[in-house]
Amino acid sequence: MILLYDLAISSYGCKTRILLRHKRLEWTSNAPPNGYGSPTYCEIVPSGTIPALVHNELILSESDAIAEYLNEFKPQPAMLPTNIQERATARALSRFHDTSIEPLLRSYFAQVNPTTRNPTFIAKNATLLQRRFNQLEQMVKPSPLLTGESLSLADCGFAPSFAILNLLQSLFAFDFKLPTTLQAYKKALITHPSVHYEYTNYIDVLANWSEDKLANG
Ligand SMILES: N[C@@H](CCC(=O)N[C@@H](CS)C(=O)NCC(=O)O)C(=O)O
């Protein structure tokens, strides 16, 4: 049995759920006991982060490591290209997402509450975000997904990030334009059969979360 410590609001959790769904693996999701980072949860998963995978004797955190493990545990459908250089590129794209794009999106969450909002931060961060997506456009030629026709490990993190970007743009109306080739990529990604359900569900979860933040701080 595959157990995933996860929460509906977790973007890295969403990334992992897309992969599990694409692999047609069955899994059970548990909330981290007493919340992520809690001493109780750290006794099970020392890093304290979600998602974390429990499978047989293995306890594994870090969404990219979980993705690579599941891709080896269930090789079909393959989620990495067969060519060694394309495979390395797919891994680099996933890291670029996790280290250079997702943290910028996440840093906006403290701005949702109107009482602590900082317009200067919002504008500066948007400039950085635009730079990162422009860099991504230089790195890839989606056809229509990042590494070709098949969904790869590199794609999974982008789906929740596009959902977060939608929410942030509707809340803050900052100056940002998704480069044209990435607009086509986004469309192909979020309509992919293995992605669509998790993407739309994540949009709803984010909307509920932000409504609550706007109302209650
Ligand atoms: N690099 C980690 C990041 C996961 C992550 O930051 N998860 C958040 C929730 S979306 C979390 O657990 N934060 C708690 C913490 O960092 O202590 C991964 O890819 O799994």
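Everything discussed here concerns the structure shown above.
Residues numbered from 1 in each chain as written. Predicted model: local features only at pLDDT ≥ 70, side-chain atom pairs only at ≥ 80, totals over all residues. Heavy atoms only, no water.

Visitor: Give a detailed account of the overall build of the chain, specifying residues and quantitative values.
Guide: Scanning the chain from terminus to terminus reveals nine helices and four strands. Its C-alpha radius of gyration of 17 Å places the chain within 12% of the 17 Å reference for a compact globule of 217 residues. Structurally, the chain occupies a C-alpha span of about 45 × 45 × 25 Å along its principal axes. Accessible surface for the chain amounts to roughly 10,800 Å². Of this, 54% is attributable to carbon and sulfur atoms. Placing the 19 positive and 19 negative side-chain charges of the chain at their respective mean positions leaves the two points 6 Å apart. (Helix = DSSP H or I, 4+ residues; strand = E, 2+ residues; numbered from the N terminus. Rg over C-alpha atoms; globule rule 2.2 N^0.38 Å. Areas by Shrake-Rupley, 256 points an atom, 1.4 Å probe, with all protein chains shown as cover. Lys, Arg positive; Asp, Glu negative; His and termini not counted. Charge placed at Lys NZ, Arg CZ, Asp CG, Glu CD.)

Visitor: Would you mind going over the packing of helix H1 (residues 11–22) against helix H4 (residues 84–106) in detail, with residue names and values included?
Guide: Put simply, H1 and H4 touch, their axes get as near as 12 Å, and they point 140 degrees apart. By the angle between their axes, H1 is oblique relative to H4. Facing Ser11, Tyr12 and Lys15 of H1, the residues of H4 in contact are Ser94, Asp98, Glu102 and Arg106. (Axes fitted to C-alpha atoms, helices over the stretch in contact; angles between N-to-C directions. Parallel < 35°, antiparallel > 145°, perpendicular 65-115°, else oblique. Contact = heavy atoms within 4.5 Å.)

Visitor: Tell me what's going on with the environment of Asn125, and back it up with residues and numbers.
Guide: With respect to the element layout, Asn125 can be found in helix H5 (residues 119–139). Taking the C-alpha atoms as reference, Asn125 lies 8.5 Å from Ser107; in sequence the two are 18 residues apart. There is a polar contact of 2.9 Å between the side chain of Asn125 and the backbone oxygen of Leu104. (Polar contact = N/O pair within 3.5 Å; in protein donor to acceptor, adjacent residues only side chain to side chain.)

Visitor: Just give me the short version of the packing of H5 against helix H8 (residues 180–190), but keep the residues and values in it.
Guide: Taken N-terminus to C-terminus, the directions of H5 and H8 make an angle of 85 degrees; their axes are 9 Å apart at the nearest point. By the angle between their directions, the pair H5 and H8 is classed as roughly perpendicular. Listed contacts from H8 to Phe133, Leu136 and Glu137 of H5 are Thr180, Thr181 and Leu182. Residues belonging to the contact of H5 with H8 are distributed by class as follows: three nonpolar, two polar and one charged. (Nonpolar A, V, L, I, M, F, W, Y, C, P; charged D, E, K, R; others polar.)

Visitor: How would you summarise the packing of aromatic side chains if you had to cite specific residues and measurements?
Guide: Tallied over the full model, the rule gives 12 aromatic pairs. A centroid spacing of 6.3 Å and a plane angle of 35 degrees characterise the contact between Phe158 and Phe162, whose relative ring orientation is tilted. Here Phe158 pairs with Phe162, and both are found in helix H7 (residues 158–172), just four residues apart, close to one helical turn. Here Phe158 and Phe162 have matching classes, each one buried. Ring geometry for Phe174 and Phe176: centres 6.5 Å apart, planes at 85 degrees, overall edge-to-face. The pair formed by Phe174 and Phe176 is uniform in burial state, with each residue classed as buried. Linked through ring pairs, Tyr108, Phe121, Phe133, Phe158, Phe162, Phe172, Phe174, Phe176 and Tyr185 together constitute an aromatic cluster. (Phe/Tyr/Trp six-rings, centres within 6.5 Å; stacked < 30°, edge-to-face > 60°. Buried < 20%, exposed > 50% of the residue type's maximum accessible area, 1.4 Å probe, protein only.)

Visitor: Can you lay out the sheet that holds strand E4 (residues 58–61) for me, pointing to particular residues and giving the numbers?
Guide: With respect to topology, four strands assemble into an open sheet ordered E2-E1-E3-E4, the strand pairing being mixed. Looking at which strands have only one partner, the edges of the open sheet turn out to be strand E2 (27–30) and E4. Adjacent strand axes in the sheet meet at a mean angle of 20 degrees when their direction is disregarded. Relative to E2, strand E1 (residues 2–5) is paired through four bridges, and the arrangement is parallel. Across the sheet, Tyr5 pairs through a bridge with Asn30, a residue of E2. Along the sheet face, H1 touches E1 and E2 and points at about 160 degrees away from the line of E1. Its contacts with the sheet put helix H3 (residues 63–73) on E1, strand E3 (52–55) and E4, and the angle it makes with E4 is roughly 135 degrees. (Pairing = 2+ DSSP bridges.)

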